[in-house]
Amino acid sequence: MGLLEALEAEKIRYVLIGMSAAIAQGVIATTLDVDLWINLPPRQYMRVLKIAQGIGATVAANTVVYLDDGTPVNFVYEVTGLGDFSSEARSAHHIRIHGHDVPVLRLESIVKSKKAIGRDKDKLHVLHILEFLRCRRAIKRQSKRERRGIS
């Protein structure tokens, strides 16, 4: 059983966030880790760590584990710059990843959060995501024009 399945088996809701979520939606970038927004109070972090250990992950910190393939996973309990988990989860996209339906934070929300955090790498990520959104809008406009017979 993988981490996502283990969380679901324990009825713990999560949303994929950060650059992992942006990449899953088509943004061309790289990231070294996976960030999961967990719908639990931060004081319940041990519950999530025990679930991760149960699938063979190695605990590196209160909010970080390494899966058996070496992938670092960060568990986030509050996301800077955004509303509460339920609001964001309701508007999340659902993307099939490795045969699994994963809730993924919307790109606009990722931008909002990264702007609020404001680290240098977040500023660069915001530029990548905004450029991707600009290109996607341009493609949609062009597609509409072509359907109407306008080039």
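Given the structure is predicted, the values throughout are model-derived calculations rather than measurements. Throughout this description, residue numbers start from 1 for each chain and increase along the sequence as written. Given that this is a predicted model, residues contribute local features only at a pLDDT of at least 70 and side-chain atom pairs are listed and counted only at 80 or more, while totals for whole chains, interfaces and linings are drawn from all residues. Water and hydrogen atoms were dropped before computing side-chain values, which therefore reflect all heavy atoms in the structure.

Q: Any chance you could break down the nonpolar core for me, citing the residues and the numbers?
A: Core analysis: the largest hydrophobic core is formed by 41 residues, its most contacted members being L7, L36, I38, V48, F75 and I129. If we ignore the near neighbours within four places in the chain, the residues touching I129 are M19, A22, V27, L107, I110 and V111. Residues belong to a common nonpolar core when they are buried Ala, Val, Leu, Ile, Met, Phe, Trp, Tyr or Cys residues joined through side-chain atoms within 4.5 Å. Type-normalised accessible area, obtained with a 1.4 Å probe on protein chains alone, sets the label of each residue: buried when under 20%, exposed when over 50%, and partly exposed for intermediate values. For this analysis, residues touch if any pair of their heavy atoms sits within 4.5 Å.

Q: How would you summarise the pairing of strand β3 (residues 58-61) if you had to cite specific residues and measurements?
A: Looking along a regular strand, one sees side chains alternate from face to face of the sheet. Note that β3 and strand β4 (residues 64-66) share three bridges and pair antiparallel. Bridging across to β4, A61 finds its partner in V64. Turn length for the β3-β4 hairpin, with the two strands adjacent in sequence and antiparallel, is two residues. For two strands to be treated as a pair, DSSP must find no fewer than two bridges joining them. Counting from the N terminus, the helices are the DSSP runs of H or I reaching at least four residues and the strands are the DSSP runs of E reaching at least two.

Q: Please set out helix α6 (residues 120-147) residue by residue, giving values where relevant.
A: The length a helix should cover is 1.5 Å for every residue beyond the first. The end-to-end C-alpha distance of α6 is 41 Å, a good match for the 40 Å that 28 residues give at a rise of 1.5 Å each. Those residues of α6 not exposed but buried are D122, H125, V126, I129 and L133. Summarising the contacts, the buried residues of α6 are in contact with α2 (18-24) and α5 (107-117). The first or second residue beyond α6 is G149, which carries a positive phi of 85°.

Q: Describe in detail the side chain of S109, supporting the description with residues and values.
A: Tracing the chain through its elements places S109 in helix α5. The contact partners of S109, leaving out residues within four places of it in the chain, are L82 and E88.

By themselves these figures say nothing about function.
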